[in-house]
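As a plain string of letters, each chain reads:
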Amino acid sequence: MPHARSRLILTCALLAACAGSDAVDPSRVPRAIAVTPNAPVLASLGIATRLTAEVRNANGGVVANQVVTWSRRGSGATQVSDSGVVTSAANGVDTIVATSGNLTGTDVVTVQQTVATISVVSSTTVLTVLGSTVTLNATALDANGRVVATDPVVWSSSNPNALPVSAAGVVTAARPGSTEVIATIGSLTGRRTISVALTSPVGGPQLGVTVPCVGGFAGVFPCSGVDLLAFLPVSGLGGGPGVDLNDLWGWTDPTTNKEYAVVMRRDGAAFVDVSSATNPVYLGFLPITPGASANIWHDVKVYADHAFIVADAAGPHGMQVFDLRHLRAHAGIPRTFTADALYTQVNSAHNIAINEASGFAYIVGASGGGMTCGGGLHMVNIVTPSAPTFAGCFADPLTGRASTGYTHDVQCVLYTGPDLAYRDREICLGSNETHLSIADVTDKQAPVAISRASYPQVAYTHQGWLTDDQRYFLVNDEVDEIQFGLTGTRTLIWDVQELDDPILVGQFYGPNPSTDHNHYIRGSRMYASTYQFGLRVVDVSNPLQPAALGFFDTAPQLSNVPGFGGSWSNYPYFRSGIVVMTSRGEGFFVLRVP
């Protein structure tokens with residue numbers, strides 16, 4: 001028995017040992033797959049996150065060395081690699097599946113782009129022509145720089161007066177200046193700086209309505225105290241490519257009281273009816289004399305319903321005479337006119353002045369043939385406008401750059417001023433390049449030099465005009481701002497109460513150094529064309545203390561510095577009170593100074 005019992009025990013032990021060697025370790029039995037991180041959200045396209053799949057036993061322990069494969073199902077928002085790297089491809093939700101044997105584990109991955117920045121782009125950031133536009137495009141981007149579909153953009157401008165922006169992101173150059181254009185989407189904004197830096201003349205006509213000067217602008221034109229009634233570009237006066245404007249004068253028809261402007265183009269004279277100040281009408285054109293050359297310098301004055309026209313450096317141009325009464329027959333279509341008479345005692349000339357009280361014209365700066373009178377006063381009897389006749393010469397050889405008495409411009413009057421010695425005499429005050437020259441030309445065969453005077457920093461004595469009482473003569477020097485670096489446009493104030501002893505009693509400076517050109521005085525106001533700055537209106541009721549009243553800048557693309565381009569001349573003598581003005585490359589302006 002003992003031996004039998006021992007065998008039984010051994011057998012049982014062996015059986016138990018055998019049974020233990022065939023049993024499965026529960027810790028090595030896969031029961032589930034856990035995928036982490038749980039439910040990630042990807043806020044940008046093109047970014048990746050790695051998922052980890054752990055094969056676990058019944059107790060949650062990791063079962064090692066298990067092969068896991070990856071797949072996805074859903075909207076196609078993601079892509080998943082063999083190693084569990086999930087990359088966002090589109091907005092949406094995908095289920096990522098990890099498989100090991102017959103076990104699967106899943107995770108939900110959401111792709112939902114979040115706007116990180118707003119990109120604003122445009123084809124240019126600088127507009128060079130008033131009225132031109134540029135379209136901005138705003139794009140919402142996620143943190144990875146991928147486009148995000150969003151609600152519409154809301155556009156705004158930090159300077160809407162100069163550069164307004166439309167709901168579609170179109171920015172318009174309304175005035176010189178700069179702005180930040182702002183694109184808003186939700187709580188985020190994107191910005192782009194757009195500026196107006198004009199390099200070309202202003203654009204189309206302004207007709208039919210008064211544009212008041214408000215907030216420093218009349219439409220696109222900088223201003224102060226001067227309203228815009230109308231604007232015609234050079235093309236609106238029949239000018240083609242390469243044509244610009246220069247001088248002008250006015251005529252009032254004594255029969256109809258209609259007002260007209262005679263506007264000089266490089267290639268002749270344009271006639272404009274300004275009777276309806278907000279709707280000027282281009283009537284037609286008088287070409288330069290056949291055989292003459294087009295050029296920048298023309299001048300015109302009016303006497304007895306006739307225009308008298310000269311041109312400088314133009315060859316055989318002579319003085320054209322045109323009967324302005326032809327303009328009454330305007331039939332709605334601009335026409336080409338011909339001169340009624342041609343005075344040929346001079347060829348080219350820089351300027352012409354007319355004393356309407358005496359019926360004499362004074363051609364100055366003559367050159368290129370004929371009776372040049374040294375470039376001084378070539379005096380012409382025009383009492384019969386259609387038959388002008390030579391009357392005499394005057395030149396003071398102690399003046400002018402070439403010491404010939406060259407006169408650049410002149411005003412001649414029947415004198416009624418304070419110097420009793422010259423009352424009722426015909427007196428001419430010449431701007432003679434280097435001097436003010438005063439002469440008695442009552443006797444055209446024996447004119448007399450009364451006086452001459454110069455001044456500090458003389459560069460080019462250009463033009464001047466008497467105050468209504470003939471006590472003061474205000475002169476501009478065309479080159480002093482350039483030559484001497486003056487910081488303001490200078491007007492020289494001469495006391496001429498004694499014609500034989502003119503005294504410089506003052507100098508008045510403008511707000512910037514824009515070069516001055518022609519100015520005229522009517523009553524208590526001086527109307528000064530100052531090239532790049534346009535028209536300056538100055539109170540000269542006390543000539544010793546002039547005061548700025550206003551301005552109108554005809555060439556906002558220019559920088560108001562010494563130099564040329566912009567306003568050439570103006571005419572302030574219409575009974576209606578309007579002021580007409582030329583600006584070389586821009587066009588013809590009708591203005592009102594309240």
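Read on for an overview of the structure. From a predicted model like this one, the values you see are computed outputs, not experimental measurements.

Conventions adopted
- Residues numbered from 1 in each chain as written.
- Predicted model: local features only at pLDDT ≥ 70, side-chain atom pairs only at ≥ 80, totals over all residues.
- Heavy atoms only, no water.
- Pairing = 2+ DSSP bridges.
- Helix = DSSP H or I, 4+ residues; strand = E, 2+ residues; numbered from the N terminus.
- Patch = residues over 30% accessible without salt bridge, like charges linked within 9 Å, V, L, I, M, F, W, Y side chains within 5 Å.
- Areas by Shrake-Rupley, 256 points an atom, 1.4 Å probe, with all protein chains shown as cover.
- Salt bridge = Lys/Arg side-chain N within 4 Å of Asp/Glu carboxyl O.
- Buried < 20%, exposed > 50% of the residue type's maximum accessible area, 1.4 Å probe, protein only.
- Contact = heavy atoms within 4.5 Å.
- Core = buried A, V, L, I, M, F, W, Y, C linked by side-chain atoms within 4.5 Å.
- Disulfide = S-S within 2.5 Å.

## So, the sheet that holds strand E21 (residues 245-252)
- Taken together, five strands build an open sheet; the order of strands is E21-E22-E23-E24-E28 and the sheet is mixed. With one partner strand each, in any of the chains shown, E21 and strand E28 (335-336) form the two edges of the open sheet.
- As paired elements, strand E23 (residues 268-273) and strand E24 (residues 281-287) share six bridges and run antiparallel to each other. The partner of glycine 268 across the bridge, within E24, is proline 287.

## Digging into a nonpolar patch on the surface
- On the surface, Ile503, Val505 and Leu544 cluster together into a nonpolar patch covering about 240 Å² of accessible area.
- One can find valine 505 in strand E43 (residues 503-509).

## Some words on the environment of leucine 188
- Within the secondary structure, leucine 188 sits in strand E17 (residues 188-196).
- Residue classification places leucine 188 among the partly exposed positions, given a relative accessible area of 28%.
- Remark: the alpha-carbon pair of leucine 188 and phenylalanine 308, spanning 120 residues in sequence, is separated by 67 Å.
- Apart from the residues within four sequence positions on either side, leucine 188 is in contact with Val115, Ala116, Thr117, Ile118 and Ala183.

## Observations concerning the side chain of threonine 407
- The residue threonine 407 is located in the loop between strand E35 (389-394) and strand E36 (409-414) in this model.
- Judged by relative accessible area, which is 4%, threonine 407 ranks as buried.
- If we skip the residues at most four places from it in the chain, threonine 407 touches Val364, Gly365, Gly375, Gly376, Leu377, Gly430, Ser431 and Asn432.

## Concerning the sheet that holds strand E9 (residues 103-111)
- The strand order across the open sheet formed by four strands is E2-E9-E8-E5, and the pairing between neighbours is mixed. In the strand order of this sheet, the two ends are held by strand E2 (41-42) and strand E5 (69-74), each with one partner.
- Pairing geometry for strand E8 (residues 92-100) and E9, over nine bridges, is antiparallel. The residue bridging glycine 92 from the neighbouring strand is valine 111, located in E9.

## Overview of the nonpolar core
- In this structure, Phe271, Val274, Leu324, Leu327, Val580, Phe588 and Val590 are the most contacted members of the largest nonpolar core, which totals 50 residues.
- With five residues, the single largest contributor to this core is strand E22 (residues 259-265).
- When neighbours within four sequence positions are excluded, phenylalanine 271 is seen to be in contact with Ala261, Val262, Val281, Tyr282, Leu283, Gly284, Phe285, Leu286, Phe322, Leu324, Leu327 and Phe337.
- Counting 37 residues, the second largest nonpolar core, distinct from the first, contains Val211, Cys223, Tyr527 and Met581.

## So, the state of the cysteines
- Per the stated rule, a full pass over the model turns up three disulfides.
- In this model cysteine 373 forms its disulfide with cysteine 393; the gap between the sulfur atoms is 1.9 Å. The chirality of the disulfide connecting cysteine 373 with cysteine 393 is left-handed, given an S-S dihedral of about -55 degrees. Taken together, the residues cysteine 373 in the loop between strand E33 (367-370) and strand E34 (377-381) and cysteine 393 in strand E35 connect sequence positions 20 residues apart.
- Overall, cysteine 393 belongs to the partly exposed group, its relative accessible area being 29%.
- Linked covalently through their sulfurs, cysteine 412 and cysteine 428 form a disulfide whose S-S length is 2.0 Å. Because the torsion about its S-S bond is 110 degrees, the bridge between cysteine 412 and cysteine 428 counts as right-handed. In this pair, cysteine 412 sits in strand E36 while cysteine 428 sits in strand E37 (residues 426-431), placing the two residues 16 residues apart along the sequence.

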